[in-house]
Amino acid sequence: MRRPQIDHQIPEPTAEDPERIGKLLRHVGGQDVAWGAQQSLDVWVIEQRAKLDQRMSERIRTASWALVVATAGLVVCTAGLIWATLAA
C-alpha cells in the first residue's frame, strides 16, 4: 500500500491575512508604531507554524490512542492464550 503524498508547500496568504495581521500589530504597538512587511510576514509564518504544530499534535494523539487499543488487544489475546494453555 502506498502512502499518500504529503504537501510540503506553505499556502499563500489570503487577502484577509494582511488586514487581520495589521490590526493585530496596531493593537500590540499602538497607532504610532509603523510595522513593515517583514513583521507582518513573521506573524503570518508563526501562525502557519502553530497550525502545523496543532495538526502534528492531533496526528500523534490519534496514533497514540491506536497504540493503546492495539496494546489492550494484545493483552487480551495473551491472557486468552495463557488461559488456554493452562486449561489444556
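Each remark here, short or long, concerns the structure printed above.
This text gives an overview of the structure that appears in the document. (Residues numbered from 1 in each chain as written. Predicted model: local features only at pLDDT ≥ 70, side-chain atom pairs only at ≥ 80, totals over all residues. Heavy atoms only, no water.)

A few points about the environment of Leu41
Which entries qualify depends on this criterion: Helix and strand labels come from DSSP, where a helix needs a run of H or I of at least four residues and a strand needs a run of E of at least two; each type is numbered from the N terminus. Accessibility here uses a 1.4 Å probe with only protein chains present; expressed as a share of the type maximum, an area under 20% marks a residue as buried, one over 50% as exposed, and anything in between as partly exposed.
With respect to the secondary-structure elements, Leu41 resides in helix H2 (residues 37-87). For Leu41, a relative accessible area of 42% corresponds to the partly exposed category. Placed 24 residues apart in sequence, Leu41 and Asp17 show a C-alpha to C-alpha distance of 9.9 Å.

Structural notes on H2
Which entries qualify depends on this criterion: A helix is expected to span 1.5 Å for every residue after the first. Here, residues are in contact when the closest pair of their heavy atoms is within 4.5 Å.
Relative to the 75 Å expected for 51 residues at 1.5 Å per residue, H2 spans 75 Å between its end C-alpha atoms, a close match to the ideal helical length. Among the residues of H2, those classed as buried are Val43, Trp44 and Gln48. Looking at the buried positions of H2, the neighbouring elements they touch are helix H1 (16-29).

Section: the side chain of Asp17
So the rule is basically this: Between N or O atoms, a polar contact is any pair within 3.5 Å; within protein, one atom must be a potential hydrogen donor and the other a potential acceptor, and residues adjacent in sequence are included only when both atoms are from side chains.
By the element assignment, Asp17 lies in helix H1. For Asp17, a relative accessible area of 12% gives the class buried. Polar contacts involving the side chain of Asp17 include one to the side chain of Arg20, which spans 2.9 Å. Side-chain polar atoms of Asp17 contact the side chain of Trp44, separated by 3.1 Å.

Let's talk about a nonpolar patch on the surface
Convention followed: Distance thresholds for patches are 9 Å for like charges and 5 Å for nonpolar side chains (Val, Leu, Ile, Met, Phe, Trp, Tyr), applied to residues having over 30% relative accessible area and no salt bridge. Surface accessibility follows the Shrake-Rupley procedure with a 1.4 Å probe radius. Residue values consider only the protein chains on display as shielding. The rule for a salt bridge is simple: a side-chain nitrogen of Lys or Arg has to be within 4 Å of a carboxyl oxygen of Asp or Glu.
A contiguous nonpolar surface patch, about 350 Å² in accessible area, is contributed by Leu24, Val28, Val33 and Trp35. We classify Val28 as exposed; its relative accessible area is 60%.

Some remarks on H1
Applied cut-off: When we speak of the arc, we mean the arc of directions from the helix axis to the C-beta atoms.
Over its 14 residues, H1 runs 20 Å from end to end, which matches the ideal 20 Å to within 8%, given 1.5 Å per residue. Listed in full, the buried residues belonging to H1 are Asp17, Ile21, Gly22 and Leu25. Take H1 and look down its axis: the buried residues cluster within an arc of 125 degrees, on one side only. Residues of H1 that are exposed and point more than 90 degrees away from the buried face comprise Glu16, Glu19 and His27. On its buried side, H1 packs onto H2. Once H1 finishes, Gly30 follows within two positions and takes phi at roughly 90 degrees, a positive value.

Without other data, these values stay purely geometric and don't point to any function.
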